[in-house]
Amino acid sequence: MAATIEMNVMKRVAVVGAGLGGLTVAGFLQRAGFPVTVYEQAPSFSRIGAGIILSANAMKAFRRLGIEQSLVETGIRPMSYVSRAWNTGDIMYEIFFDAASEARFGGPYLNIHRGDLHGVLERVVAPDTIVFNHRLVGLDETHDAVLLAFDNGLRVEADIVIGADGIRSKVREHLLGTEPPRFAGAVAQRAVFPTARLGKLKIPDCTKWWGPDRHALPYFMTSRRDEIYVIGVLPAREWDGDVSSLPCSRDEMLEAFAGFHDDFRRILEVAEDVSLWPIYDRERHDRWSGGRVVLLGDACHPMRPYMAAGGAMAVEDGTILSRCLEKFEDYHEAFAWYATTRIPRVADVQRISTENSWMRGPTETDWFYCYDPCVAPLTPPN
Ligand SMILES: Cc1cc2nc3c(=O)[nH]c(=O)nc-3n(C[C@H](O)[C@H](O)[C@H](O)COP(=O)(O)OP(=O)(O)OC[C@H]3O[C@@H](n4cnc5c(N)ncnc54)[C@H](O)[C@@H]3O)c2cc1C
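Here the structure is a predicted model, which means the values were calculated and not measured.

(A) Region of the structure containing the confidence of the model for the protein. Across the protein, pLDDT averages 95, with 97% of residues at or above 70. Confidence over residues 1-9 falls short of pLDDT 50; this stretch has nine contacts with residues more than four positions distant or in other chains.

So this is what it looks like as structure tokens:
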């Protein structure tokens, strides 16, 4: 065991991207003794106006990283998640989150503002681990190392490179060639505004409104219930790939969700700070590594956000990848175990996300929420 740790300490790991997956894997690898640096293109973390749902499977990894309690204090544990029919308002499915469900799933279900999440998440790595303002522009593998080139002219060497650089991953390009992500034929209208705008109107913590070709999800992001996030997804023929988002308006949201139940439209009537985002994904592929380079999260398997699970998959990936690198001295072996462990589960989540069927009606949720990436069995390669 001492010999394994000594070998691992020698492996310099470069993580590209300080998102959910990159920081998770970096946090675990540092705890296992690896020297890790995370290279992030952004100048700092910004407070992107959007919420995110983190289910119990991801929260178990955050518990091990020591941030579960801070996340719970920052976000909200919703009382339930309810699916309702767009026109009649009929309840199609409801799952309650309470002490019993937390005991069953092994952790809480959390809704949180993305900016607040990152504020807590950056604590999982040692100070100065994240190097901002470094956009990866090239990778070059030699026999015994990988050279990383950044847009600011810096060149560094690492033994292993983990591509956690999201849907337009440069690391993926190195492994699989240039291939733009696929526009999913849908866009997301997103709004964030103070609950005070609702006046006396009381709303549940988290509701998904299901229409024939569109859906919407309003939820709170703090336990004070003082800020609401609404995401509405609707079909769109095209999107200019050079544009990351566009301004949008309350009126456009009201128009897109015309005919929806009043319980939802009353929220839209006071919506503010509305923007429009494209939805992209990629077709499944099962090559997750090559040489000294490995992918995780959206760099590897971006999915439509309809199951609210892409971030949780990145967290699970980071947890399992770190376990494999800790267990196997040979990184080829580690990468092979990582991929065989992850691919079947990620493929199911990717499929359900594309179908947009999660919790539309009675749904068996244990296989997803009860999963614990910190202890789940690792699968040997065929
Ligand atoms: C509308 C919408 C709603 C969603 N809702 C949910 C939800 O409720 N729950 C959930 O679990 N998931 C949700 N997702 C999915 C989730 O956001 C992603 O799956 C998740 O963020 C992926 O994490 P990641 O770490 O792989 O990548 P990212 O979070 O994309 O992080 C990648 C990082 O890499 C950096 N980077 C990129 N290129 C470079 C480069 N060349 N050099 C250096 N750094 C680079 C980026 O700046 C970024 O910080 C949603 C997605 C969308 C689009």
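(B) Examining the site of the ligand more closely. Close contacts around the ligand come from 29 residues, with G21, E40, L136, D298 and G311 the closest. D298 has a polar side-chain atom sitting 2.8 Å from an oxygen atom of the ligand. G311 is positioned such that a nitrogen or oxygen atom in its backbone is 2.9 Å from an oxygen atom of the ligand. When the free accessible area of the ligand is taken as 1000 Å², the share hidden by the protein chains comes to 83%. Contributions of two or more residues to the shell around the ligand are made by α2 (20-31), β3 (51-54) and α10 (310-327). Per element, the largest residue contribution to the shell around the ligand is four residues, and it comes from α10. Taken together, the residues of the shell around the ligand sort by class into 13 nonpolar, nine polar and seven charged.

(C) Main features of the sheet that holds strand β17 (residues 274-281). Pairing within the open sheet is mixed, and its eight strands lie in the order β5-β4-β13-β14-β15-β12-β17-β16. Every interior strand has two partners, whereas the edge strands, β5 (91-96) and β16 (246-247), have only one. When strand β4 (residues 80-85) meets β5, the two strands line up antiparallel, connected through five bridges. Bridge pairing links R84 to I91 in β5.

Reading the values: rules and limits
Residues numbered from 1 in each chain as written. Predicted model: local features only at pLDDT ≥ 70, side-chain atom pairs only at ≥ 80, totals over all residues. Heavy atoms only, no water. pLDDT = per-residue confidence, 0-100. Contact = heavy atoms within 4.5 Å. Near = heavy atom within 4 Å. Polar contact = N/O pair within 3.5 Å; in protein donor to acceptor, adjacent residues only side chain to side chain. Areas by Shrake-Rupley, 256 points an atom, 1.4 Å probe, with all protein chains shown as cover. Helix = DSSP H or I, 4+ residues; strand = E, 2+ residues; numbered from the N terminus. Nonpolar A, V, L, I, M, F, W, Y, C, P; charged D, E, K, R; others polar. Pairing = 2+ DSSP bridges.

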